[in-house]
Amino acid sequence: MDGIVRMGRIPGSKNKKMWIREGDVVIANPWEIQDSKADVIWKYTRPQVDWLERKGYLN
């Protein structure tokens, strides 16, 4: 939402279960030390993205 492009890291517990592709909607938590990097916390599925768009949470 802040418009900064970051390199995301998937934490170890979700590493093998979550695949991220270009265009996916995710929640990322920026690092405090390096603002150019972030941890990927959650990946939304297509039905969840559709719901968020209908409710006006995504532009």
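Residues numbered from 1 in each chain as written. Predicted model: local features only at pLDDT ≥ 70, side-chain atom pairs only at ≥ 80, totals over all residues. Heavy atoms only, no water.

Naming follows an unreviewed UniProt entry, where the protein chain appears as Translation initiation factor 1A of Methanosarcina horonobensis HB-1 = JCM 15518. Under the Function (unreviewed entry) heading, UniProt states for the protein chain: "Seems to be required for maximal rate of protein biosynthesis. Enhances ribosome dissociation into subunits and stabilizes the binding of the initiator Met-tRNA(I) to 40 S ribosomal subunits." (UniProt positions renumbered as here; feature names shortened; annotations may be inferred.)

A. Fine view of the environment of tryptophan 42. With respect to the element layout, tryptophan 42 can be found in strand β3 (residues 37-43). The partly exposed category is assigned to tryptophan 42, whose relative accessible area is 43%. Distance in space between the C-alpha atoms of tryptophan 42 and valine 5 is 17 Å, their sequence separation being 37 residues. Apart from the residues within four sequence positions on either side, tryptophan 42 is in contact with Val25, Val26, Ile27 and Gln48. (Helix = DSSP H or I, 4+ residues; strand = E, 2+ residues; numbered from the N terminus. Buried < 20%, exposed > 50% of the residue type's maximum accessible area, 1.4 Å probe, protein only. Contact = heavy atoms within 4.5 Å.)

B. Structural context of the side chain of aspartate 39. Considering the arrangement of structural elements, one finds aspartate 39 in strand β3. The exposure class assigned to aspartate 39 is buried, which follows from its relative accessible area of 18%. Engagement of the side chain of aspartate 39 in a polar contact is seen with the side chain of tryptophan 31, the distance being 3.1 Å. (Polar contact = N/O pair within 3.5 Å; in protein donor to acceptor, adjacent residues only side chain to side chain.)

C. Up close: the environment of valine 26. With respect to the helices, strands and loops of the structure, valine 26 is situated in strand β2 (residues 26-30). The partly exposed category is assigned to valine 26, whose relative accessible area is 31%. Valine 26 sits 15 residues away from isoleucine 41 along the chain, and the two C-alpha atoms are 7.4 Å apart. Sequence-distant contacts of valine 26, defined by excluding residues within four places in its chain, comprise Ile20, Val40, Trp42 and Lys43.

D. Examining the sheet that holds β2 more closely. Here three strands make up an open sheet; going across it, the order is β1-β3-β2 and the pairing mixed. One side of each edge strand has no neighbouring strand; the edge strands of this open sheet are β1 (7-9) and β2. Taking each pair of neighbouring strands and ignoring which way they run, the sheet shows an average axis angle of 45°. As defined by bridge partners, β2 adjoins β3 across five bridges and the pair is classed as antiparallel. Bridge assignment links proline 30 to a residue of β3, and that residue is alanine 38. (Pairing = 2+ DSSP bridges. Axes fitted to C-alpha atoms, helices over the stretch in contact; angles between N-to-C directions.)

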